[in-house]
Amino acid sequence: MRSSVEIHTLATGESRVVWQTDKLVEAPNWSPDGQSLVFNGDGLLYRLSVSGGEPATIDTGFAARCNNDHGISPDGKTIAITDKTEFGISTIYTLPAEGGTPTLITQNRPSYWHGWSPDGKTLTYCGIRNQVFDIYTIGVRGGDETRLTFGEGRNDGPDFSADGQWVYFNSSRTGRMQIWRVRPDGTEVQRVTNSDYGDWFPHPSPDGRNLLVISYDGDVFDHPRDLTVRLRLMDPDGGNARILFELFGGQGTINVPNWSPDGTAFAFVRYEPESS
């Protein structure tokens, strides 16, 4: 077993295996109807029932180099993907949730999708412009991008709060990677975590009660795969932070929005070391 797609339920504190494979798969989303998970592997996207079974390939047209930055719109009709096929560099597209031809969204690249606004009208993403990592938003049909951060360290992993009032992200602006949040118009930047860990990929729960992050050892700057990490839960303002569990994971474990629609559970990927 290389990858184990699992679901963790907050009320019981237990995780159950949904599907396992000897291949590398990453970044499960949970569909708004609660019935399925979407994840990536080998450059493609797959849909898997939350009750298990075998995953089905999602038709992504020409996009055959999808990475782990993808997600389902709030109404369940559209998937945003990040793919390298057309330009050789990460670019954001959207396509019908059942599969189809991708529509180009970002003219500027590289761009890495990370979140939908609750009303489905706006995408948020990490953009690298002149080697500077910052947080951007753009309309769901494309157009001009809006820059929310301005080169204060490396900024990545944005996701909208359930009420649309905040964009959460991780930033190294104070040295170690921590969680921050900013208003969608770029104002009122606030620090959320002040921990000894390297905190990445904040995901606010759909019920507005919790914030889930993945935490590396403090001396790990990036978000590599195949390390012992922690999944930590906290209040939206960073209070009452606690470790839910440790696992062998990292890159690909919870890169993108992964909560169940009711906020009572979340999906993640656990890894085992590759065979030597």
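Placed above this text is the structure.
A short tour of the structure in this document, coming up. The model shown is predicted, which means the values in this text are computed figures rather than measured ones. Within any chain, residue numbers begin from 1 and follow the written order of that chain's sequence. Local features in this predicted model are restricted to residues whose pLDDT is 70 or higher, and side-chain atom pairs enter the listing and the counts only when it is 80 or higher, whereas totals over whole chains, interfaces and linings include all residues. Hydrogens and waters are ignored; side-chain quantities use all the structure's heavy atoms.

For the protein chain, the helix and strand inventory stands at zero helices and 23 strands. Taking 276 residues into account, the globule formula puts the C-alpha radius of gyration at 19 Å, and the protein chain, at 17 Å, falls close to it. Principal axes of the C-alpha set define a box for the protein chain whose edges measure 45 × 40 × 40 Å. A 1.4 Å probe rolled over the protein chains alone gives each residue an accessible area, and that area as a share of the maximum for its type sets the label: buried under 20%, exposed over 50%, partly exposed in between. The buried share of the protein chain, taken over its 276 residues, is 54%. Residue contacts are defined here by distance: any two heavy atoms, one from each residue, within 4.5 Å place the two residues in contact. Taking the intrachain contacts of the protein chain between residues at least 6 apart in sequence as the baseline, contacts between residues at least 24 apart amount to 39%. Note that accessible areas follow from Shrake-Rupley with a 1.4 Å probe, and for residues the cover is restricted to the protein chains shown. With an accessible surface of roughly 11300 Å², the protein chain has 44% of that area assigned to carbon and sulfur atoms. To qualify as a helix, a DSSP run of H or I must reach at least 4 residues; to qualify as a strand, a run of E must reach at least 2; elements of each kind are numbered from the N terminus. Only C-alpha atoms enter the radius of gyration; for comparison, a globular chain is expected to reach 2.2 Å times N to the power 0.38, where N is the number of residues.

Taken in spatial order, the four strands make up an open sheet running β3-β4-β5-β6, and their pairing is antiparallel. Each having just a single partner strand, β3 (26–30) and β6 (56–58) make up the two edges of the open sheet. Sheet twist, expressed as the average angle between the axes of neighbouring strands with direction ignored, equals 30°. Looking at chain direction, β3 and strand β4 (residues 36–41) are connected through three bridges and run antiparallel. Each residue of the ladder has a partner; that of W30, found in β4, is L37. What makes two strands pair is DSSP finding at least two bridges between them. Working convention: axes come from line fits to C-alpha atoms, limited for helices to the stretch in contact. Angles between N-to-C directions cover 0 to 180 degrees.

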